[in-house]
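# Survey of secondary and tertiary structure
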Amino acid sequence: MNFEDFTGQLQHRLELAEQGQAVRASRAILTTLGEATSPETARDLADYLPMEIDRFLLEADSGQEFSYHEFVTRIAEYEHADAPDANYDAQLFVAYLAEFVPADAIEGLREELPTEFDKLFAVADRQQEAE
């Protein structure tokens, strides 16, 4: 998938007015995911992303341990949004990834994160159940 398609689709899903907002959301979410995961998991996910944004995962200070609340707080700070919006954006982002990233890579991400991060996969889980 190319950068324009990825950000355009994300902009539509997050109901954002401008493509730049989709890029900012991508950066916030991918950076925070990169911080919460190992370099190996980040590389596994980055393989399926446009090169213009895969670096957010790959350049993050990986391997940090923090709560889901801290995860959402970091995204909100990076995104300049409030926590409920950041949480919603992150859940929709992961659901979007789950549509084109192989299931084993998504499952690897889920397994690496603490159980309280299951909330991150809520929208993706509902979409999968509906299929």
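Residues numbered from 1 in each chain as written. Predicted model: local features only at pLDDT ≥ 70, side-chain atom pairs only at ≥ 80, totals over all residues. Heavy atoms only, no water.

### Focus: the packing of helix H2 (residues 19–36) against helix H4 (residues 51–58)
Note the cut-off: Every angle, taken between N-to-C directions, lies between 0 and 180 degrees, and every axis is a line fitted to C-alpha atoms, over only the stretch in contact when it is a helix. Starting at the N terminus, helices and strands are each numbered in turn, a helix being any DSSP run of H or I of at least four residues and a strand any DSSP run of E of at least two. For this analysis, residues touch if any pair of their heavy atoms sits within 4.5 Å. Three classes are used: nonpolar for Ala, Val, Leu, Ile, Met, Phe, Trp, Tyr, Cys and Pro, charged for Asp, Glu, Lys and Arg, and polar for all others, with Gly counted as polar.
For the pair H2 and H4, the least separation of the axes is 7 Å and the interaxial angle reads 35°. Two secondary-structure elements touch here, H2 through Ser 26, Arg 27, Leu 30, Thr 31, Leu 33 and Gly 34 and H4 through Ile 53, Phe 56 and Leu 57. Split by residue class, the contact of H2 with H4 holds 5 nonpolar, 3 polar and 1 charged.

### Digging into the nonpolar core
Where we set the bar: Among buried residues, the Ala, Val, Leu, Ile, Met, Phe, Trp, Tyr and Cys ones that are joined through side-chain atoms within 4.5 Å form a nonpolar core. Categorising residues by exposure relies on relative accessible area from a 1.4 Å probe, with only protein chains included: less than 20% of the type maximum marks a residue as buried, more than 50% marks it as exposed, and the intermediate range marks it as partly exposed.
Formed by 42 residues in total, the largest nonpolar core has its most connected members in Phe 6, Leu 57, Phe 71 and Leu 120. Tallying contributions element by element places helix H6 (residues 83–100) first for this core, with 8 residues. Not counting chain neighbours up to four residues away, the residues in contact with Phe 71 comprise Thr 32, Leu 33, Phe 66, Ala 90, Phe 117 and Leu 120.

### A few points about helix H3 (residues 39–46)
Quick note on the threshold: Arc definition: it is the arc formed by the directions from the helix axis to the C-beta atoms.
Residues of H3 that are buried: Thr 41, Ala 42, Leu 45 and Ala 46. With its buried residues spanning 135° around the axis, H3 presents them on a single face. Contact partners of the buried residues in H3: H4 and helix H7 (103–112).

### Regarding the pattern of salt bridges
Convention followed: Only one rule defines a salt bridge in this text: a Lys or Arg side-chain nitrogen within 4 Å of an Asp or Glu carboxyl oxygen.
Evaluation of the coordinates by the stated rule reveals 6 salt bridges. The closest approach of N and O atoms between Arg 43 and Glu 40, which form a salt bridge, is 3.9 Å. Of this pair, Arg 43 and Glu 40 both sit in helix H3, 3 residues apart, which is roughly one turn of the helix. On the accessibility criterion, Glu 40 (46% relative accessible area) is partly exposed. Residue Glu 70 is joined to Arg 74 by a salt bridge in which the shortest nitrogen-to-oxygen separation is 2.9 Å.

### Side note on unusual backbone geometry
Although it is not a glycine, Glu 15 adopts a positive phi angle of roughly 55°. Along the polypeptide, Glu 15 turns up in the loop between helix H1 (3–13) and H2. In the Ramachandran plot, His 80 falls in the positive-phi region, its phi being about 60° despite a non-glycine side chain. Among the secondary structure elements, His 80 is positioned in the loop between helix H5 (68–79) and H6.

### Some details on the side chain of Asp 54
Just so we agree on the cut-off: Two residue types count as positive, namely Lys and Arg, and two as negative, namely Asp and Glu; His and chain ends fall outside the count.
Counting through the fold element by element, Asp 54 comes out in helix H4. One buried charged residue, Asp 54, forms no salt bridge at all, with the nearest opposite charge on Arg 55 at 6.4 Å. Each residue touching Asp 54, except ones within four places of it in the same chain, is listed here: Ala 46 and Leu 49.

### Description of the confidence of the model for the protein chain
Here is the rule we go by: A residue's pLDDT is the predictor's confidence in that residue, given on a scale from 0 to 100.
Chain-level statistics for the protein chain give a pLDDT mean of 95 and a share of 100% at 70 or above. Helix H8 (residues 122–130) is the least confidently modelled element of the protein chain, averaging 89 in pLDDT, while H5 averages 97, the highest of any element.

### Overview of the packing of aromatic side chains
Rules: Two aromatic rings, drawn from Phe, Tyr or Trp (for Trp, its six-membered ring), form a pair once their centres lie within 6.5 Å of each other, and the interplanar angle then sorts them: stacked below 30 degrees, edge-to-face above 60, tilted otherwise. Counted as over-ring charges are cases with an Arg CZ or a Lys NZ within 6 Å of the ring centre that also lie within 35 degrees of the ring normal.
A complete count under the given rule lists 7 aromatic pairs for this structure. Taking the ring centre of Phe 66 as reference, the NZ or CZ of Arg 74 above it sits at 3.9 Å.

### A short note on H5
Note the following rule: Multiplying one less than the number of residues by 1.5 Å gives the expected span of a helix.
With 12 residues, H5 ought to run about 16 Å at 1.5 Å a step, and its terminal C-alpha atoms sit 16 Å apart, in line with that. Of the positions making up H5, those classed as buried are Tyr 68, Phe 71, Val 72, Arg 74, Ile 75, Ala 76 and Glu 79. Next to the buried residues of H5 lie H2 and H6. Just beyond H5, the residue with positive phi is His 80, at close to 60°.

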